[in-house]
Amino acid sequence: MGTSHQGGYSHDAVVHALQKCGIRHIDTAKRYGCEYLLQKAIKESGVKREDLWITTKLWHSDYGYENTKKACLESCERLGVDYLDLYLIHWPDAHVPGKSNREVRAETWTAMEELYEEGLCRSIGVSNFLISHLEQLKEDCVVTPHVNQAEYHPFQRPQELVDYCRSRGIVFEGYCPLAKGEALTHPSVIQLAKKYGKTPAQICIRWSIQNGIVTIPKSMKAERIEENCKAFDFNVREEDMEHLNAMNINRKLIHLMYPLWRG
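As the structure is a computational prediction, the values presented were derived from the model and not from experiment.

Participant: Can you walk me through helix α10 (residues 238-245) in this structure?
Facilitator: Every α-helical turn comprises 3.6 residues, leaving residues that sit three or four positions apart pointing alike. Taken together, the buried positions of α10 are occupied by D240, M241, L244 and N245. All buried residues of α10 lie within an arc of 145° about the axis, which places them on one face of the element. At its buried positions, α10 is contacted by α7 (187-196) and α8 (200-210).

Below, the structure written as C-alpha cells:
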C-alpha cells in the first residue's frame, strides 16, 4: 500500500487496509509527512510489527554519512518501530554544495550499508535511480541495492532498467501503477476491463504483476483499496499483455521542481 504527501492521508483507509484487506506492505517516506500518522494507524489495526513490511525513504536534505544515520533513527521513531524492513534513497540528485552527486550518493550509501549490517534496516535500496547511477554505486560501494523503486505504468515501462535490475538481483518496485488515474480512462484499458469483467484499476495492477513488478497502488478510499486487492484471481492473456505493453510512450508523471537525474 502506497502513501503520499499529495492528495492527503486517510487514517481510516490505512486501518481498513490492514484489518479488512490483509495488506501488510506499507510504503511511505519522510517527504510524505505521514510517518507519525502511520504509527497511530498500525497500533489501532492491531497487526503485529513482525507481520508488516514497512518501507520508508531518505529525503535528499538528509543525504551524507552522519545525516543518513540520524534520519533513519528519526524515521523509526516517527513510525514507532525498532527497525525498517526497507530503507530507500529517495532520489539520485543530492544538491550538496562543493560535492558531486556521485560523491554524496556514495557517502550516503556507505551509511546505508552500515545500517543494514547493524540490523536497523533489514534491506536497503534506492528509488528513481537510472542504470548510470546503479553502475556508479557498483563501482563505489560494496552492497548491491536490494530494491530500485521507480515509476511504472502502461505509459511508462522502463524495460531496459527493469532488465538491468533483474540481471543484478535488484528487485524492481513500480509506483504510480495507475498513472495517477490517467490509465483508468484509456480506451484500451476500459475495453480489457469489460472483457475480463474487472475494473480498469485491476487490469493495470494485474498487468504490473504479470510483468513481474512489485507494484504499490495507493488510495484514500476503503472501497478502492479493496478493489485494488482483487487482482489475483485472474490472468490477462498474452496477446492482451502485449497490447498493454505497447501503450508505453516513456511518459513520466512524477517530477521534481528542480532538474532530476543529471549525474
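Following the structure, the description resumes.
Participant: Just to check I follow, could you spell out the packing of helix α5 (residues 131-140) against helix α6 (residues 159-167) for this structure?
Facilitator: Packed helix pairs are characterised by how far apart their axes lie and by the angle those axes make with each other. Between α5 and α6, the shortest axis-to-axis distance is 10 Å and the interhelical angle comes to 20°. Put simply, α5 runs roughly parallel to α6. Counting all contacts with α5, which are made through I131, L134 and E135, the residues of α6 involved are E160, L161, Y164 and C165. Residues belonging to the contact of α5 with α6 are distributed by class as follows: five nonpolar, no polar and two charged.

Participant: Whenever I open this one, α7 confuses me. Can you help?
Facilitator: Looking only at α7, the buried set comprises S188, V189, L192, A193 and Y196. Buried residues in α7, looked at end-on, bunch into an arc of 135°, giving them a common side. Along α7, exposed side chains directed more than 90 degrees from the buried face belong to P187, Q191 and K194. Positioned one or two residues after α7, G197 has a phi angle of 70°, which is positive.

Participant: Mind showing me how you'd approach the packing of aromatic side chains here?
Facilitator: Across all of its chains, the model carries three aromatic pairs by this definition. Seen from their ring centres, Y152 and W207 are 5.1 Å apart, and the 25° between their planes marks the pair as stacked. Here Y152 is found in the loop between β5 (147-151) and α6, whereas its partner W207 is found in helix α8, with 55 residues between them in sequence. Each member of the pair Y152 and W207 is classed as buried. Measuring from centroid to centroid gives 6.1 Å for Y196 and F234, while their planes differ by 45°, and the two rings are tilted. In this pair, Y196 is assigned in helix α7 and F234 in the loop between α9 (222-229) and α10, connecting sequence segments 38 residues apart. The pair Y196 / F234 is uniform in exposure class, with both members buried. Clustering of aromatic rings is evident, with ring pairs tying together Y152, F172 and W207.

The rules we used
- Residues numbered from 1 in each chain as written.
- Predicted model: local features only at pLDDT ≥ 70, side-chain atom pairs only at ≥ 80, totals over all residues.
- Heavy atoms only, no water.
- Buried < 20%, exposed > 50% of the residue type's maximum accessible area, 1.4 Å probe, protein only.
- Helix = DSSP H or I, 4+ residues; strand = E, 2+ residues; numbered from the N terminus.
- Arc of directions from axis to C-beta.
- Contact = heavy atoms within 4.5 Å.
- Axes fitted to C-alpha atoms, helices over the stretch in contact; angles between N-to-C directions.
- Parallel < 35°, antiparallel > 145°, perpendicular 65-115°, else oblique.
- Nonpolar A, V, L, I, M, F, W, Y, C, P; charged D, E, K, R; others polar.
- Phe/Tyr/Trp six-rings, centres within 6.5 Å; stacked < 30°, edge-to-face > 60°.

Any link to function would need more than the numbers given here.
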